[in-house]
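Chain by chain, the residues run as shown.
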There are 2 protein chains.
Amino acid sequence: MSILVLGTAALDTVRTPSGLRKKMLGGSAIHFAMSSRLFTRVHLVAVVGSDFPDSYVRFLTRRGIILDSLLRAQGKTFQWAGEYQGDLNTAITKKTELGVLASFCPVITAAQRSIRNVFLANVDPDIQRSLLDRMDAPRIVALDSMNYWIRNKRPSLKRMLKRVTIYVANDQEARSLTGEHNLLKAAGGLLRMGPAMVLIKKGEHGVIFCSDKHMFSLPAFPTRKVIDPTGAGDTFAGGFMGYLARVNKISPAAVKQALAFGTVAASFNVEAFGLDKTSRLTMKDLDSRLRQYRQVVLF
Amino acid sequence: MSILVLGTAALDTVRTPSGLRKKMLGGSAIHFAMSSRLFTRVHLVAVVGSDFPDSYVRFLTRRGIILDSLLRAQGKTFQWAGEYQGDLNTAITKKTELGVLASFCPVITAAQRSIRNVFLANVDPDIQRSLLDRMDAPRIVALDSMNYWIRNKRPSLKRMLKRVTIYVANDQEARSLTGEHNLLKAAGGLLRMGPAMVLIKKGEHGVIFCSDKHMFSLPAFPTRKVIDPTGAGDTFAGGFMGYLARVNKISPAAVKQALAFGTVAASFNVEAFGLDKTSRLTMKDLDSRLRQYRQVVLF
């Protein structure tokens, strides 16, 4: 089963204690696609500007990502510049230039309307809505957002939460949307807003999954090598959704396995700048690290 | 196999968003004993003052804790007062009165010298040393400490680390003793200081275990009900050491199972003030929550 992902394609400039990288290919939809492509066919819905390098387009095509709905608009590609210090857990945003993202209206092909798995990565919830309105009858719709939209477009975001299957939040977002500090209480609050499942990403501390009936908690894959965590959350979501799309079910056992695949995918992402590592990954690499992860976690 | 635990017996005054409790029975050795007693016979080595209520002595005796080396000295029992706000992760210490702890010199019986499992809970490393000097040939010696001793008695603490099997630290302590932010690197640094195994407690984020050959990571048992986290780390250590003492081996599988028992023991501790919950626990409660925990974690 294919996946359709809506989100940003970006030029990322990132400084970490390991160095500086300028205008790397990045963005929420791109990081998501880079891990979900290992499981299934991934259709990208995003916009780039006239400055977007052809080499980046070829880079995506070579990795099997379907670009039928990658819009090229006049103007500049969305740019993000950020810095990580000390603990590498929190990005300090240095610059955000929306460029062509400011007037983005997602368009998809007739064939893409019937795709059953949809990931609405972090963009304006009104853009997420306009894409979802175009879909026929998706089986799973997962949505990610960010604090900016929680503050500035809360009503739009909350309307979207009534329409999605899975809300993917990080711990701060879950707390800020519900006003609950305890993450299980926050997850309960989010479930009451509409989604059947809630997934709370805790960065280096792993992930919590909650539905009405189930609760799972997995630690991150411990790694000594944290080079650049940008996109780890979307890489996680890509592994998670990719696995669910491939097995074409959302039983508790499938969800757990999907969480584990998301976790190991994300662990590769942080070990190098941008897509350096995830763009070279194979399913064999994921499987091999999943075996290591089992040794680390299972008792 | 019995366990000998050296540490504090305290009168704790704790304020949390759930209320205020004054002069509860507490202290590192007491919290440790309350969970380790479920697995094996526990010998307490601690000092209390003339103000220590007889009812607390009876409370401990009734729970099977062996008090042959609980010293009663002239003066006041060690008192700690602390407050938790918001996230309940960090205690704000309001008062520490050492009382009789200031001149504590642990004494044990001849029979206790041959106990094979020793837990040196958080007290002055010089007191930990004087106890360890009295032991014949312990099989496992685990040591806990705190930032105060890392700052003020670093050489004594580092000498002790050369003599112990397991160093039990929290994340801040591991970072402060090694200067490494990444916890795996910190664990590596701690292993180089002497212990064969290092256990890093991360509070609500669970625990990491490292030896030269193995690395395990387990999340905390997720709970909505956090009333008072005081003593959770020692309760964890009690479950961990208790299990290892009972099975009388320290294979990787035994260590993992011990980590899981420590985790569920600690989850009971935080659900009530002081010892309210752990003092009523049975092995059946632990087993039952361990089954729940398996559902939450295993994939």
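Going by the structure above, here's the rest.
**Student:** Tell me about the overall build of chain A, and please be specific about residues and values.
**Tutor:** What chain A contains, in helices and strands, is 10 helices and 13 strands. Taking 2.2 N^0.38 as the reference for a compact globule, 299 residues should give roughly 19 Å; the C-alpha atoms of chain A span a radius of gyration of 18 Å, in line with that estimate. Based on the C-alpha atoms only, the size of chain A along its principal axes is roughly 50 × 40 × 35 Å. In chain A, which comprises 299 residues, the proportion classed as buried is 62%. Long-range contacts, defined here as pairs at least 24 residues apart, represent 63% of the contacts in chain A between residues at least 6 apart.

**Student:** So what's going on with the pairing of strand S5 (residues 66-72) of chain A? Residues and values would help.
**Tutor:** Residue and element names in this part refer to chain A. Where strand S4 (residues 42-48) lies against S5, five bridges are found, and the strand directions are parallel. Residue pairing in the sheet places valine 47 in a bridge with leucine 71 of S5. A crossover connection joins S4 to the parallel S5 through helix H2 (residues 54-62); in handedness this β-α-β unit is right-handed.

**Student:** Can you tell me about the interface of chain A and chain B, naming the residues and giving the values?
**Tutor:** Contact with chain A, which involves 31 residues of that partner, is made by 31 residues of chain B. Buried surface at the junction of chain A and chain B, summed over both partners, amounts to about 2900 Å²; 60% is from carbon and sulfur atoms. Linking chain A with chain B are zero salt bridges. There are 12 residue pairs in polar contact (both at pLDDT 80 or more) connecting chain A and chain B. Mapped onto the side of chain A that touches chain B, the elements with two or more residues apiece are helix H7 (183-192), strand S13 (215-218), helix H9 (252-269) and helix H10 (283-297) of chain A. Here the element with the most residues in the side of chain A that touches chain B is H10(A); it accounts for six residues. Class assignment for the residues of the side of chain A that touches chain B results in 15 nonpolar, eight polar and eight charged.

**Student:** Tell me about the sheet that holds strand S3 (residues 19-26) of chain A, and name the residues and values.
**Tutor:** All names here are of chain A. Reading across from one edge, S3-S2-S6-S7 is the order of the four strands in this open sheet, with mixed pairing throughout. The open sheet has two free edges, formed respectively by S3 and strand S7 (91-97), since each of these has just one partner strand. This sheet shows a mean twist of 15° between the axes of neighbouring strands, independent of strand direction. Inspection of the sheet shows strand S2 (residues 10-16) paired to strand S6 (residues 79-84) by five bridges, in the parallel sense.

**Student:** An account of the side chain of Thr13(A) is needed here, citing residue identities and associated values.
**Tutor:** Residue and element names in this part refer to chain A. Counting through the fold element by element, threonine 13 comes out in strand S2. In this structure the side chain of threonine 13 is engaged in a polar contact, spanning 3.1 Å, whose partner is the backbone nitrogen of lysine 23. In contact with threonine 13, other than residues within four places in its own chain, are Leu20, Arg21, Lys22, Lys23, Trp80, Ala81 and Gly82.

**Student:** Requested: an account of the pattern of salt bridges, with residues and values cited.
**Tutor:** All names here are of chain A. In the structure shown here, the tally under the stated rule is 28 salt bridges over all chains. Across the pair arginine 163 and aspartate 133 runs a salt bridge whose closest N-O atoms are separated by 2.9 Å. One end of the pair, arginine 163, is in the loop between helix H5 (154-161) and strand S10 (166-170); the other, aspartate 133, is in helix H3 (residues 125-134), with 30 residues separating them in the sequence. Here arginine 163 falls in the partly exposed class, since its relative accessible area comes to 39%. Accessibility expressed as a relative area gives 44% for aspartate 133, which makes it partly exposed. Residues joined in a network through salt bridges with shared partners are Asp124, Asp126, Arg129, Asp133, Lys153 and Arg163.

Conventions and cut-offs
Residues numbered from 1 in each chain as written. Chains lettered and ligands numbered in written order. Predicted model: local features only at pLDDT ≥ 70, side-chain atom pairs only at ≥ 80, totals over all residues. Heavy atoms only, no water. Helix = DSSP H or I, 4+ residues; strand = E, 2+ residues; numbered from the N terminus. Rg over C-alpha atoms; globule rule 2.2 N^0.38 Å. Buried < 20%, exposed > 50% of the residue type's maximum accessible area, 1.4 Å probe, protein only. Contact = heavy atoms within 4.5 Å. Pairing = 2+ DSSP bridges. Right-handed = clockwise from strand over helix to strand, strands pointing away. Buried area = accessible area lost by both parts, 1.4 Å probe. Salt bridge = Lys/Arg side-chain N within 4 Å of Asp/Glu carboxyl O. Polar contact = N/O pair within 3.5 Å; in protein donor to acceptor, adjacent residues only side chain to side chain. Nonpolar A, V, L, I, M, F, W, Y, C, P; charged D, E, K, R; others polar. Axes fitted to C-alpha atoms, helices over the stretch in contact; angles between N-to-C directions.

None of this, on its own, says anything about what the molecule does.
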